[in-house]
Amino acid sequence: MDIQEWEKRYSTAFSSISDVLGDINGIFVAYNSNVDAIKHVTEKDIHKLISIVGAKAVQQRIAGYPREVQDPVDLLARLVIAMRDGKAAEVPTYTTDIHQWLMDNLVFDKARMGGQAGIISNLLANLGIKNVITYVPWLSREQAEYFVDSPNLKYPVIEDGVLKLRHPSEAYDPDQRPKVNWILEFSKGTKVEYYEDSFEVPRDNRLIISSRPSWLRIDMSEQLYDQIPHMNGVIDGAILAGYQMIKEKYEDGTTYRDYVKKAVQVIKRLKEGNPDMRIHVEFTSIQNKVIRKTILKDIVYKHVSSLGLDTVEVANALNVLGHEELAYAVISKGENSISALYEGAVKLLCELKLERVHIHCLGFYICVACRDFPLSVEEHRDALMFSSTLAAAQALHGGIGSLREGEIGLSVPISSQGHHDLDQLEKYLVRRDVCTGTEFEDGCVCALTHDLIVIPSKVVPDPVATVGIGDTISAGAFVAILAMLKKKNEAN
Ligand SMILES: Nc1ncnc2c1ncn2[C@@H]1O[C@H](COP(=O)(O)O)[C@@H](O)[C@H]1O
Ligand SMILES: O=P(O)(O)OC[C@H]1O[C@](O)(COP(=O)(O)O)[C@@H](O)[C@@H]1O
Ligand SMILES: [Mg+2]
């Protein structure tokens, strides 16, 4: 299908999804909200930082590929790697010294709502979903201020043993400290020269320095846990994220197993009374492989319906599931990478017993779904086009204040590179008899064991920021799916 025809489909999809979004009763979103301190790193900034810590030290540390930021050299090593590859990355830091060092040497441009759950909660409230029940285990006064001031955004509290839904500004813990992450955004074309090396940044992206203070827990009080089923009348689905925060061992003797068990119990409670409740997990960068594997095998497997990820995250997931070669093919830039992404998506769908896997890339999205999912491939495709429109609006303006503002994304052209990249996948699938070229043409393929939906996506050449676009895509598509399911159920 040519780009113009795709553009027409985009407009129709956006309006048909907009018409049904109001049918959703509500959605539960947990766990990670934080404050993002965003800094756009210029050539001058990066050279200044490298000269402070020493170019030779950075060069040596790059070889060690630090998976945690313990000092400024680790930080610079990971920043140079992310800028050199143009890849998104998130690295944890367990010390407040890094925050202080960045404050002293860089100073952020702006502070915004951060964390998948925080970003998604605000987005869905702004899109007008009737009840967005957001939950963060560390709701500080400062954090509460970053939630949109809207009556449909609610926080669960227990008052006299009864579940009440209040705005976060009426529910925060005054003794709780805020969690602040640093987002170091960089632009395509930025030139970096250091030691004996030099390069030009190939793509707009960012490095996230995720603060992990010792009080951080993916958890909820016993009382709230008991009351979860009372939310079931209000919500049609849940979006869960933030499991990357789980640590192998805690100072109090507990381990990741305790928190994984609790996380699974929460999902079970959410499904009590409504076993068909759909749960989406938004994946992210997880440096610790034990935790990454456990999240996939113990939380996602069998308990979750839908998974959203970017390219690097697909490779990371495949890697810990024992598909190292495929993981390597996914991140290699060659012609095989799009077919590897598709094969990877199918592996995740089958091995994790999911209903849908949505991979968002720059220029196209790939979604695989199980054959018996109660929506047609065309409906899945509408959800993807709706989400790509929102992503374009997010990249254009850095936020979406209403469904109307989301619609602005329609003015962003579909990526011709993404459209072209899909040709590689078509050739691969036709060669393997998965489908014919005609079947692939409109992005809807019914393969033997799964459905495959692909779309070329809209790409903003100079995004305001890249952080949070993936969350917007996955949440947008997932609520579109929930809305269409709701409509269908009501009609039956
Ligand atoms: N400039 C962009 N325009 C539209 N969409 C974009 C742009 N840059 C990135 N994206 C999309 O966002 C995800 C990033 O996902 P994360 O989970 O935040 O890494 C990327 O895959 C693109 O689909
Ligand atoms: O692991 P943490 O500390 O929750 O950090 C999550 C980080 O990811 C983000 O939610 C962004 O998500 P994406 O990487 O999907 O864009 C940031 O806002 C936040 O700082
Ligand atoms: Mg993401």
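Cut-offs and rules
Residues numbered from 1 in each chain as written. Chains lettered and ligands numbered in written order. Predicted model: local features only at pLDDT ≥ 70, side-chain atom pairs only at ≥ 80, totals over all residues. Heavy atoms only, no water. Near = heavy atom within 4 Å. Polar contact = N/O pair within 3.5 Å; in protein donor to acceptor, adjacent residues only side chain to side chain. Areas by Shrake-Rupley, 256 points an atom, 1.4 Å probe, with all protein chains shown as cover. Helix = DSSP H or I, 4+ residues; strand = E, 2+ residues; numbered from the N terminus. Nonpolar A, V, L, I, M, F, W, Y, C, P; charged D, E, K, R; others polar. Axes fitted to C-alpha atoms, helices over the stretch in contact; angles between N-to-C directions. Parallel < 35°, antiparallel > 145°, perpendicular 65-115°, else oblique. Left-handed = near helix turned anticlockwise from the far one by under 90°. Contact = heavy atoms within 4.5 Å. Salt bridge = Lys/Arg side-chain N within 4 Å of Asp/Glu carboxyl O. Buried < 20%, exposed > 50% of the residue type's maximum accessible area, 1.4 Å probe, protein only. Pairing = 2+ DSSP bridges. Expected span 1.5 Å × (residues − 1). Arc of directions from axis to C-beta.

1. Some points on the site of ligand 2
Within the structure, ligand 2 sits among 20 residues, and Asp 36, Glu 90, Lys 179, Arg 206 and Ser 210 are positioned closest to it. Within the backbone of Gly 115, an N or O atom sits 2.9 Å from an oxygen atom of ligand 2. Here Gln 116 contributes a backbone N or O atom positioned 3.0 Å from an oxygen atom of ligand 2. The protein chains hide 97% of the 480 Å² of surface that ligand 2 would expose on its own. Of all the secondary structure elements, the ones that give two or more residues to the shell around ligand 2 are strand E2 (34-40), helix H6 (116-127), strand E8 (180-186) and strand E11 (205-211). Per-element accounting of the shell around ligand 2 gives the leading share, three residues, to E11. Looking at the shell around ligand 2 residue by residue, the class counts come to five nonpolar, nine polar and six charged.

2. What about the packing of helix H9 (residues 256-271) against helix H10 (residues 289-300)?
The N-to-C vectors of H9 and H10 enclose an angle of 30°; their axes lie 11 Å apart at closest approach. Relative to H10, H9 is oriented roughly parallel. Regarding H9 and H10, the two cross each other, and that crossing is right-handed. Between H9, through Tyr 256, Arg 257, Val 260, Ala 263, Val 264 and Ile 267, and H10, the contact on the second element is made entirely by Val 290, Ile 291, Thr 294, Asp 298 and Ile 299. Classifying every residue of the contact of H9 with H10 gives eight nonpolar, one polar and two charged.

3. Re the packing of helix H13 (residues 336-351) against helix H16 (residues 416-431)
At a closest axis distance of 8 Å, the pairing of H13 and H16 adopts a crossing angle of 65°. In terms of crossing hand, the pair formed by H13 and H16 is right-handed. Within the contact between the two elements, H13 uses Ile 338, Ser 339, Tyr 342 and Glu 343 and H16 uses Asp 421, Leu 422, Gln 424, Leu 425, Tyr 428 and Leu 429.

4. Overview of the pattern of salt bridges
Throughout the structure, instances matching the rule amount to 22 salt bridges. Two residues, Asp 236 and Lys 486, come together in a salt bridge whose shortest N-O distance is 3.3 Å. Here Lys 486 lies in helix H18 (residues 469-491) and Asp 236 lies in the loop between helix H8 (222-227) and strand E12 (237-241), a separation of 250 residues in the sequence. Note on accessibility: Asp 236 and Lys 486 belong to one class, buried. In this structure, Glu 407 and Arg 404 form a salt bridge, with 4.0 Å as the shortest nitrogen-oxygen distance. Placement of both Glu 407 and Arg 404 in helix H15 (residues 403-407) is noted, with a separation of three residues, approximately one turn of the helix. On the accessibility criterion, Glu 407 (37% relative accessible area) is partly exposed. Looking at Arg 404, the relative accessible area reads 65%, which means it is exposed. Here the salt bridges share partners, and the residues they tie into one network are Glu 5, Lys 8 and Arg 9.

5. Remarks on the sheet that holds E11
With mixed pairing, the five strands of this open sheet are ordered in space as E3-E11-E8-E2-E4. Each of the sheet's edge strands pairs with one partner strand only, and the pair in question is strand E3 (89-93) and strand E4 (110-114). Taken pair by pair, the neighbouring strands of this sheet meet at an average axis angle of 25°, ignoring direction. In the sheet, E2 pairs with E4 via five bridges, with the strands oriented antiparallel. Paired with Ile 38 across the strands is Lys 110, a residue of E4.

6. Side note on helix H1 (residues 3-20)
Here H1 spans 26 Å end to end across 18 residues, near enough to the 26 Å set by a 1.5 Å rise per residue. Those residues of H1 lying buried are Trp 6, Tyr 10, Ala 13, Phe 14, Ile 17, Ser 18 and Val 20. The buried residues of H1 all sit within an arc of 155° when viewed along its axis, so they share a single face. Residues of H1 that are exposed and point over 90 degrees away from its buried face: Gln 4, Lys 8, Thr 12 and Asp 19.

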